[in-house]
Amino acid sequence: MDHDPSSSYRDFSCGARTYDGHDGTDFRLPSISAMRAGVAVLAVADGKVTGVRDGEKDISIRVIGKAAIAGRECGNGVFLRHPHGWDTQYCHLASGSVSVSKGQHVKRGQVLGKVGLSGATEFPHLHLTVRHNGNIVDPFSPKAQSGQCGSKQSLWDDVTAKVLAYRTRILLNLGFADRILSMDDVENGGLENFALTADSPALVAHVRMIGLEGGDILKLVLRDPDGAILVQSNLKPLDRAKAQFLTQIGRKRPATGWAQGRYEVDYSVIREGESVFEERFAITFQPSL
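Quick look at the structure, then. (Residues numbered from 1 in each chain as written. Predicted model: local features only at pLDDT ≥ 70, side-chain atom pairs only at ≥ 80, totals over all residues. Heavy atoms only, no water.)

By secondary structure assignment, the location of alanine 16 is in the segment before β1 (25-28). Alanine 16 gets classed as partly exposed once you look at its relative accessible area, which sits at 35%. With 196 residues separating them in the primary sequence, alanine 16 and leucine 212 have C-alpha atoms 8.9 Å apart. If near-sequence neighbours (up to four positions away) are discounted, alanine 16 is found in contact with Tyr9, Asp11, Tyr166 and Ala241. (Helix = DSSP H or I, 4+ residues; strand = E, 2+ residues; numbered from the N terminus. Buried < 20%, exposed > 50% of the residue type's maximum accessible area, 1.4 Å probe, protein only. Contact = heavy atoms within 4.5 Å.)

Glancing now at unusual backbone geometry. Most peptide bonds adopt trans geometry, and most residues besides glycine take a negative phi value. For cysteine 14, which is not a glycine, the phi torsion comes out positive at approximately 65°. Among the structural elements, cysteine 14 can be located in the segment before β1. Backbone geometry places asparagine 133, a non-glycine residue, at a positive phi of 55°. Position of asparagine 133 relative to the elements: it lies in the loop between β8 (125-132) and β9 (135-137).

This part covers the side chain of aspartate 11. Its place among the elements puts aspartate 11 in the segment before β1. With no salt bridge to any partner, buried aspartate 11 finds its closest opposite charge in arginine 17, at an N-O distance of 5.8 Å. When near neighbours in sequence (up to four residues on either side) are disregarded, aspartate 11 contacts Met1, His3, Ala16, Arg17, Thr18 and Tyr166. (Lys, Arg positive; Asp, Glu negative; His and termini not counted. Salt bridge = Lys/Arg side-chain N within 4 Å of Asp/Glu carboxyl O.)

We now examine the environment of serine 101. Relative to the helices and strands, serine 101 resides in the loop between β5 (86-93) and β6 (105-106). You can call serine 101 partly exposed: its relative accessible area is 40%. Along the backbone, serine 101 and valine 49 are 52 residues apart, and their C-alpha atoms lie at a distance of 6.7 Å. If near-sequence neighbours (up to four positions away) are discounted, serine 101 is found in contact with Val49 and Val52.

Applying the stated criterion to the full structure yields two disulfides. Each sulfur in the disulfide pair cysteine 14 and cysteine 149 lies 1.8 Å from the other. Measuring the twist about the S-S bond at about -90°, one finds the cysteine 14-cysteine 149 disulfide to be left-handed. Placement of cysteine 14 in the segment before β1 and of cysteine 149 in the loop between β9 and α3 (158-163) is noted, with a sequence separation of 135 residues between them. On the basis of relative accessible area, cysteine 14 is assigned to the partly exposed category, the value being 31%. Overall, the relative accessible area of 52% leaves cysteine 149 in the exposed class. (Disulfide = S-S within 2.5 Å.)

Below, the discussion takes up the sheet that holds strand β14 (residues 242-252). Strand order across the open sheet formed by three strands is β10-β11-β14, with antiparallel pairing between neighbours. Two strands lie at the open edges of the sheet, namely β10 (170-177) and β14, each paired on one side alone. Direction aside, the axes of adjacent strands within the sheet are offset by 10° on average. Pairing between β10 and strand β11 (residues 202-212): seven bridges, direction antiparallel. Along β11, the bridge assignment pairs leucine 174 with valine 207. (Pairing = 2+ DSSP bridges. Axes fitted to C-alpha atoms, helices over the stretch in contact; angles between N-to-C directions.)

Enumeration over the complete set of coordinates arrives at 16 salt bridges. Measuring nitrogen to oxygen at the nearest pair gives 2.9 Å for the salt bridge that ties aspartate 216 to arginine 271. On the criterion of sequence distance, the pair formed by aspartate 216 in the loop between β11 and β12 (217-223) and arginine 271 in strand β15 (residues 262-271) is long-range, its members being 55 residues apart. For arginine 280, the salt bridge goes to aspartate 266, with nearest N and O atoms at 2.6 Å. With a gap of 14 residues between them, arginine 280 in strand β16 (residues 274-284) and aspartate 266 in strand β15 connect regions that are remote in the sequence.

Now the structure itself:
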């Protein structure tokens, strides 16, 4: 949730994991392929279903535009009413996945549907809004004070609160391709099973992160099977916090083809001269049959 009443934005920990006016919590999937595999949306508490919508298409708002979903920004969704003035709303569910009906009573943990890409969204995620007596409440900081950073209280149970501990610099996707990728390429997950062969026109390593901060320096180093550096990034510090950021480096195929063996990538985020995030991944040359 956005805790800044001005045109700027600030999450409950005074970070940038939000945007201006955001009224809920987003639970993001790493890619559309993960969405297609199916991820259940569960009721956070016992309640009664007072609103349902299904049948909206799973398609990015970048494709259809805002006008096409005007008045239906939540997409496919479920609205639950709980005791003592509490309500929860679940948005962007997958088309055809809603498994409850209006008037039905549900239990905490009951499946309501699946995470989708319907409504006003550019990536598959669940948007959860919590209200008490009609007022929006941040489940991570239900009694937030103006200017306060962080919270010792939350609406989550202890196990869930631990899993959902506040983090920055979270890895979404990494891998290899034979070309420079667009953000949609990564989102669609079409190259998740890429195999390098002697005929591959290029070898490109990519990493997509969320929660990067202004001033972070992203470093990628690609090494050949002998450990020699093929290419490395030389990027400037990020000018501001990034909701998501795709970093790529690569080399074109050598005239003699790719040498057989293991190609390794070291990815790191450097801040004030120190590494604050590191990841290593690799691909092994697959000889053509």
